[in-house]
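Structure assessment
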Amino acid sequence: MEHYQLPKILQHPVPMLSDTDVLRIGNERYVPSGRRFDGYRFINEDDPEDRFVLKFDDINARIDAGTAKIAYGAKSPEREYLELLFKGRRFDELGEDAKRIARLRERLFLAYDKECLLNGHKNRSSDDFASWIEPEWRKVLGPVRSDSTKSIFPPSVSTFNRLYKRWIRYERNILSICPRYKAPGKRTLTYEAESLDFATNEARGFMSRLKPRKSDVFETYKARIHKQNEERAAGGKLQLHQYGKSKFYDIIDSFPAFDVMQAREGLEAALRHFAPHLRMYDETYLGQRLEIDEVLTDMSVYFGMAGVLSDPGLTDKQRKLLKKIRLWVVVIVDVATRYVLAAKVTPAPSSRATLETLRLMMTDKTFISECAGAETPWIGKVKPFGTMYMDHGSAFLAEDTSDALRALGVEPTRPETGNAKKRPHIESLFHTIGPLFTQFFDGRTFRSIEEKGDYDPRAHASLAASEFNEIIIQGICDLYHNKGHGSLGGQSPTTGWSSAWKATAGCARRRRWT
């Protein structure tokens, strides 16, 4: 019997694309920007100037030839969040333990869906739901339990509900129920800090007059980290972790936007580009919207975020010391002027540190900047009267913090978990003040720690917090506050604060200042 081959038009029907789909051609990613009668308009995800039109027949021909592929839903917020969460890793790239647990969870959820389909909705909050999970979990494990599965216990009712909701929310993507702590790769702070430092310095290649695309900088980064790891392997050193494209692009996006435009296009072009972004102070008053953020990590990660961990002036002994010192940094920013109203460094995460930062926000800080050696006075102080954006950290959820905000008449707003871009970018701040970090090793604190001899975590953290706090204050006052900011049309936060203060002082509307 002669084999009948279907026409290509039936093999590949006219693709129906949305703005969440991606057309991959080689290493480039193109998103649909509009549909025509005979095809689609596409725009390069990394280079907005790269635009073209492809007819339906051309799209089908490229797919047939294997030179193109459509990734449906790749630009959806859910897919992008999972890609960022797992640093671009696919499910098949995860560790065997993590994949095994995720598969078992998926089978259990599919069994629940089948139960609901056959017998109607099964209440997951009822008392007998736990008794349903036990036998179904044994069925999922199979009749023969291996050594790798006998120690995996069934989820509790609350864990089932939490993971099942997440699984549904992320379109039944198995990555959403994969245990992150089982992901591959060494998760020590040493590993992350050195890898982050290398990636940050490579990402700075985007800030060039040659105007490279993000994809070009990423390819250069992959080539250089491969060569670096070969050299480290020959020397018996730990391999650097190679970040995925999403994480690497996130590092580039964390650079101050005005600095990036100035480096690529020049100062005049940056001022013209950001001029329409100048905030109208009659719409957003000082203290009307504040943002508070916190970071708890070791000193080596802070140096890595700033890209100065690999500074040739730092010795191996000093780098090892950084990895032992964990610090807690809390920052409050005024949205109208991007002015840093408070910054607190403390060795212990607590609601007390948050309360002290709130008090500092309303305090005259000129004497603090003088003691830190800053040339520009820290003039910003305000009593809030609107909203304060924060995350779901334990210090922000504490009763003491809630009572203090209530007493100030401030309404806390917490963006959804994982959406850090709705909160102040501490990384952007560190990129600006990072060059001052090397002063840490010339101060009294480092010599005191070094001379102490035996490692004492509390002594290390307390002494380092004092020294590091002075450096951060000096960097905020003399560097960050005096650099042009994209959200202020190229003005500096100091200029924006002074202008807003004068405009607000002349306003007839009553404001509550400290």
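Conventions adopted
- Residues numbered from 1 in each chain as written.
- Predicted model: local features only at pLDDT ≥ 70, side-chain atom pairs only at ≥ 80, totals over all residues.
- Heavy atoms only, no water.
- Helix = DSSP H or I, 4+ residues; strand = E, 2+ residues; numbered from the N terminus.
- Buried < 20%, exposed > 50% of the residue type's maximum accessible area, 1.4 Å probe, protein only.
- Contact = heavy atoms within 4.5 Å.
- Areas by Shrake-Rupley, 256 points an atom, 1.4 Å probe, with all protein chains shown as cover.
- Salt bridge = Lys/Arg side-chain N within 4 Å of Asp/Glu carboxyl O.
- Arc of directions from axis to C-beta.
- pLDDT = per-residue confidence, 0-100.
- 1 Å grid on protein atoms, 1.4 Å probe; cavity = no way out; pocket = protein on both sides within 12 Å on 5 of 7 lines; lining within 4 Å.
- Points joined across faces, edges and corners; volume = space filled by probe spheres on them.
- Nonpolar A, V, L, I, M, F, W, Y, C, P; charged D, E, K, R; others polar.
- Pairing = 2+ DSSP bridges.
- Axes fitted to C-alpha atoms, helices over the stretch in contact; angles between N-to-C directions.

Focus on the overall build of the protein
A count of helical and extended segments in the protein gives 21 helices and 10 strands. Looking at the 514 residues of the protein, the share that counts as buried comes to 48%. Contacts in the protein between residues far apart in sequence, at least 24 positions, make up 68% of those at least 6 positions apart. Of the accessible surface of the protein, which amounts to about 26,900 Å², a share of 50% is contributed by carbon and sulfur atoms.

Comments concerning the pattern of salt bridges
Side-chain pairing between opposite charges can occur once the charged atoms of the two side chains come close. One pass over the structure, following the stated rule, counts 15 salt bridges. A salt bridge links Glu-202 to Arg-224, with the shortest nitrogen-to-oxygen separation between them at 3.1 Å. Here Glu-202, found in helix α7 (residues 189-203), pairs with Arg-224, found in helix α8 (residues 214-234); they are 22 residues apart in sequence, far enough to count as distant. We classify Arg-224 as partly exposed; its relative accessible area is 48%. Of the charged contacts, one joins Glu-265 and Lys-211 as a salt bridge, the two residues approaching to 3.0 Å between their closest N and O atoms. With a gap of 54 residues between them, Glu-265 in helix α10 (residues 257-265) and Lys-211 in the loop between α7 and α8 connect regions that are remote in the sequence. For Lys-211, a relative accessible area of 40% translates into the label partly exposed. Beyond isolated ion pairs, a larger network of salt bridges with shared partners links Glu-28, Arg-213 and Asp-216.

Brief notes about helix α2 (residues 56-65)
Of all the residues in α2, the buried ones are Phe-56, Ile-59 and Asn-60. Here the buried residues of α2 occupy an arc of 95° about the axis, which is enough to place them on one side. Away from its buried face, by an angle of more than 90 degrees, α2 presents the exposed residues Asp-57 and Ala-65. Phi turns positive, to about 80°, at Gly-66, one or two residues after α2.

Some words on unusual backbone geometry
In this structure, Glu-171 is a non-glycine residue whose phi angle is positive, near 60°. With respect to the helices and strands, the residue Glu-171 is situated in the loop between α6 (157-169) and α7. The backbone of Arg-172 sits at a positive phi, close to 60°, despite the residue not being glycine. Take Arg-172: it is sitting in the loop between α6 and α7.

A look at the confidence of the model for the protein
Atomic detail in the predicted coordinates should be set aside for any region of low pLDDT. For the protein, mean pLDDT is 75; residues scoring 70 or higher make up 77% of the total. Overall, residues 182-191 carries pLDDT values under 50, and its contacts beyond four positions in sequence, including any with other chains, amount to 25 contacts. Taken as a whole, residues 443-455 scores under 50 in pLDDT and shows 22 contacts with residues more than four places along the chain or in a different chain.

Concerning the layout of surface pockets
As a volume, the second largest pocket reaches approximately 550 Å³. Broken down by secondary-structure element, the contributors of at least two residues to the lining of the second largest pocket are α7, α8 and α13 (316-322). Tallying contributions element by element places α7 first for the lining of the second largest pocket, with six residues. When grouped by side-chain class, the residues that make up the lining of the second largest pocket number four nonpolar, four polar and nine charged.

Some points on the sheet that holds strand β1 (residues 22-25)
Sheet architecture is open: five strands sit in the order β4-β3-β2-β1-β5, paired in antiparallel fashion. Looking at strand neighbours, the two that pair on one side only are β4 (51-55) and β5 (68-71), the edges of this open sheet. Along the sheet, successive strands turn relative to each other by an average axial angle of 35°, direction set aside. Both strand β3 (residues 39-44) and β4 contribute to a ladder of five bridges, which runs antiparallel. Residue pairing across strands places Arg-41 opposite Val-53, the latter belonging to β4.

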